[in-house]
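# Analysis of the macromolecular model
The chain contents come next:
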Amino acid sequence: MADKSLIDLSWDDFDEHRDPRPDANQFDAVVERAISRRGFLGGALAFGSGAAVFGTGLMSSTTASRAEGASKFAFAPIDTATDFAVHVPEGYKSQVLVRWGDALWSEADGAYSAESGVPVEMSDKVFGENTDGMELFVIDGKEVITVNSEYVNPKINLPEASEGMPQTADEVRLLKNMQGVTVMEIARGDNGYHVVKDSPLNRRITHETEMNIAGPLAGHDLVKTSADPEGRTVKGTMNNCGAGKTLWNTYLTCEENFNGYFGATGEMPEGEGYKRYGIGGEGRYAYEKFDPRYDLSKEPNEPHRHGFVTEINPADPTSMPQKRSALGRFKHENAEMVHAADGRVVVYMGDDERGEYLYKYVSNGTWAEGQDGGDLLNDGALFVAKFNDDQTGEWLPLTPETTGMDAAEILVFTRMAASAAGGTTMDRPEWVACNPLKAEGYCALTNNKNRGVKPNAGGDDTSVNGPNPREANRYGQIVRWAPEAGNHAADAFTWDLYVMAGNPTVHDDAYAGSSNVNAGNMFNSPDGMAFSSDGMLWIQTDGDYKNEGDFAGMGNNQMLIGDPETGEIARFMTVPYGAEVTGLCWSADKKVAFAGVQHPGGSWPDGNGKPRSSVVAIWREDGAEIG
Ligand code: FEO
Ligand code: CA
Ligand code: CA
């Protein structure tokens, strides 16, 4: 790893760089042991057939439905692909809606060039790079998509001579502007959907946009800086990964790998919290060399102001985004809000790093249709998930009594609070999605090569456990839970594994995957997830796309659709080589689905010049609903 520059590392490998494994040989030995443990598979699959949590045994009912041909899918599943194209099933069409560099306002028309990308002067007037979580809103009869631009590829944005590291303050500004959030009106024309340029609802929110720290941390010493001695106003929302939508129709953008933007030009400040969050050393984009705000030796509290769920009101382009500190600070993947049976508001949230935790926020107050709700995200309780091996589980409260930390420390150093409370270490919790037709939640646990190999960054044991049953887990799984009495605010739940991804053409042990995985639908590294209104689970992958070795036959990253009742999973979409599928939402009439294509390879979609991350529209040729 030492011979690679930081910018060439995936965010996952960046974590590893900060917190390296003991040594490669030990890792290899553990993989060997895991693979040769033949007896293990039976134990793992007993979750489905032996202990049916949700009425029908998951794995056994999957087999049964296959035999009966009871598929509810309206499409014929597609094959894997290894090319530089998007594929959808027969009878469906896809088309690019918007690409990195496309103008959101007329003044930026023609700003993008295939040779040099976007000039700095226009960089906050165009669609950002590396699209991720998104939601669709209807505002005064207009359709508006809010969409994250998670990070930048500096080698694509900056002149070649820079070799991927900004050389001037202007180049840093360009990178800052290419990330964050885009709010854009879209409309249907003769050629499908397009972005409505110059709409008064269009907005770019970047690493420099002013926003509030809302909730219990507002004004606290831990979030005060020299530029903001009151600790209430922050610039920027960073590394916006997954998303969520509130019951009151605002957008939740989730700050994931915020740690990578900070660096120290001098002495590092002291504190266990920096190490636990992977903060220190050199920043990924050299921001700290040009902007003291990102220099830890000058502004030790600045990183305490990032890593939150931030609420944005797309209906008011002048509104201040609100960092909802009550929801805790960690590498937030997404924020799945549901209205609990008892009227309270519940937000499920994953912390995407190896061996970190799954969380839940429960508001103190209740919500009713038609109410605004922002304040409900300022006053509530935070919990970490504990999964017991007997398929029960509980939400452990993060309080001074359970953690030995004060209320503010719990919100700034939430990971340390979760460790102290005794949560279950997970295999990189990515998106959470809740079934709209019944009270159950699903979390994609994307993979974790360190499971059973080394502790997490806080030293917590990461031996195999119920929902994370495979050592050196490179394929991932999806865990689901049903809250007690159908009430998402309840403290207790039962759980099972909806699917364990794997490769049955390469392995005949636990790494072959659960019985609803076969040679025709296999995939690795589930990441994005969302339910369509008909109760189907759409699963997006961000995995190994080399199509060889453990991943032979899986092809490019893909989007699949799963039936929660039968366990059946079918491949719906493949994306260009190199890309992952990120973010999903539907048009108001449900006739069009929008999915993101992040970090494509080649010259997709233009066919020449640079690869351009894009949002793609997908619809049925017969005009029927697709979700
Ligand atoms: Fe940005 Fe965990 O994905
Ligand atoms: Ca993700
Ligand atoms: Ca991922």
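Given the structure is predicted, the values throughout are model-derived calculations rather than measurements.

This part covers the overall build of the chain. When its secondary structure is counted, the chain shows eleven helices and 28 strands. Taking 25 Å as the expected radius of gyration for a compact globule of 627 residues, we find that the chain reaches 23 Å, a close match to that expectation. Counting only C-alpha atoms and orienting by the principal axes, one finds that the chain spans roughly 60 × 60 × 55 Å. Out of the 627 residues belonging to the chain, those deemed buried represent 61%. Considering only contacts within the chain whose residues lie at least 6 apart along the sequence, 65% involve residues at least 24 apart.

The strand order β13-β14-β15-β16-β17-β21-β20-β19-β18 describes an open sheet built from nine strands, whose pairing is antiparallel. For this open sheet the edge positions go to β13 (336-339) and β18 (429-434), each flanked by a neighbour on one side alone. Strand-to-strand twist of the sheet, defined as the mean angle between neighbouring strand axes without regard to direction, takes the value 30 degrees. With four bridges connecting them, β13 and strand β14 (residues 344-350) associate as antiparallel partners.

Looking now at the pattern of salt bridges. In the structure shown here, the tally under the stated rule is 42 salt bridges. Across the pair K298 and D295 runs a salt bridge whose closest N-O atoms are separated by 3.2 Å. Put simply, K438 and E440 hold a salt bridge, and the shortest N to O gap is 3.9 Å. The class of K438 is partly exposed, set by a relative accessible area of 31%. In this structure E440 comes out as buried when scored by relative accessible area, which is 1%. Several salt bridges share partner residues, and in doing so they unite D15, R276, K331, D351, E353, E356, R415 and D460 into one network.

In this section: the coordination of the calcium ion (ligand 3). Around the calcium ion (ligand 3), the protein supplies E430 (OE), D527 (OD) and D542 (OD) as donor atoms, at distances of 2.3 to 2.4 Å. On the primary sequence, the residues serving as donors to the calcium ion (ligand 3) are separated as E-x96-D-x14-D. The metal-metal distance between the calcium ion (ligand 3) and the calcium ion (ligand 2) is 3.9 Å, with E430 coordinating both. In this pair, E430 is assigned in strand β18 and D527 in strand β22 (residues 526-531), connecting sequence segments 97 residues apart. An identical accessibility class is assigned to E430 and D527; each is buried.

Looking now at the coordination of the calcium ion (ligand 2). Coordination of the calcium ion (ligand 2) by the protein involves E333 (OE), E430 (OE), D527 (OD) and D527 (OD), with metal-donor separations of 2.3 to 2.8 Å. For the calcium ion (ligand 2), all donor residues lie on one chain, and their spacing in sequence is E-x96-E-x96-D. What makes D527 buried here is its relative accessible area of 5%.

Quick look at the sheet that holds strand β24 (residues 558-562) now. Reading across the sheet, the four strands line up as β22-β23-β24-β25 and stay open at both edges, with antiparallel pairing between neighbours. Pairing within the sheet leaves two strands with one partner each, and these edge strands are β22 and β25 (569-574). Ignoring strand direction, the axes of neighbouring strands in this sheet form an average angle of 25 degrees.

Tracing the backbone through its elements, the reader meets F14 in helix α1 (residues 11-18). With relative accessibility at 0%, the residue F14 sits in the buried group. Once the C-alpha coordinates of F14 and G520 are considered, the two residues, 506 residues apart in sequence, prove to be 33 Å apart.

Right, let's talk about the nonpolar core for a bit. Core analysis: the largest hydrophobic core is formed by 69 residues, its most contacted members being Y261, Y285, V347 and M349. Breaking this core down by element, the ones donating at least two residues are α1, α6 (169-177), β10 (251-255), β14, β15 (358-366), β16 (380-387), α10 (407-412) and α11 (414-421). Broken down by element, the residue count for this core peaks at four residues, all from α10. For Y261, the contacting residues outside a window of four places in its chain are W11, E150, Y151, Q179, H207, M238, N239, Y285, Y287, E288 and Y294.

Attention shifts here to the side chain of S532. Along the polypeptide, S532 turns up in the loop between β22 and β23 (537-541). Classification of S532 as buried rests on a relative accessible area of 1%. Within polar-contact distance, the side chain of S532 engages the side chain of D534 at 2.5 Å. For S532, the residues in contact, after removing those within four places along its chain, are P436, W538, W586 and G627.

Attention now moves to the environment of V183. Note that V183 resides in strand β4 (residues 180-189). The exposure class assigned to V183 is buried, which follows from its relative accessible area of 1%. Remark: the alpha-carbon pair of V183 and P317, spanning 134 residues in sequence, is separated by 8.5 Å. In this structure V183 touches V144, I145, T146, L201, N202, R203 and P314, once residues within four positions along its chain are discounted.

A residue-level look at the chain finds 91% of positions with pLDDT of 70 or above and a mean pLDDT of 92. Scored below 50 in pLDDT, residues 24-68 shows 74 contacts in the model against residues more than four places distant or in partner chains.

Glancing now at the state of the cysteines. Summed over all chains, the structure comprises zero disulfides. No disulfide involves C254; its sulfur sits 7.7 Å from the nearest other cysteine sulfur, which is in C241. Cysteine C434 shares no disulfide, and the gap to the nearest cysteine sulfur, in C443, comes to 10 Å.

By the secondary structure assignment, Y294 is in the loop between α8 (287-290) and β11 (309-312). We classify Y294 as buried; its relative accessible area is 0%. For Y294 and G520, which are 226 residues apart along the polypeptide, the C-alpha to C-alpha distance reads 47 Å. Once you skip the residues sitting within four places of it in the chain, Y294 turns out to touch K176, H207, E208, M238, Y261, F262, G263, Y287 and E288.

Here is what the cut-offs are and how they apply
- Residues numbered from 1 in each chain as written.
- Chains lettered and ligands numbered in written order.
- Predicted model: local features only at pLDDT ≥ 70, side-chain atom pairs only at ≥ 80, totals over all residues.
- Heavy atoms only, no water.
- Helix = DSSP H or I, 4+ residues; strand = E, 2+ residues; numbered from the N terminus.
- Rg over C-alpha atoms; globule rule 2.2 N^0.38 Å.
- Buried < 20%, exposed > 50% of the residue type's maximum accessible area, 1.4 Å probe, protein only.
- Contact = heavy atoms within 4.5 Å.
- Pairing = 2+ DSSP bridges.
- Axes fitted to C-alpha atoms, helices over the stretch in contact; angles between N-to-C directions.
- Salt bridge = Lys/Arg side-chain N within 4 Å of Asp/Glu carboxyl O.
- Donors = N, O, S within 2.8 Å, 3.2 Å for Na, K, Ca; no water.
- Core = buried A, V, L, I, M, F, W, Y, C linked by side-chain atoms within 4.5 Å.
- Polar contact = N/O pair within 3.5 Å; in protein donor to acceptor, adjacent residues only side chain to side chain.
- pLDDT = per-residue confidence, 0-100.
- Disulfide = S-S within 2.5 Å.

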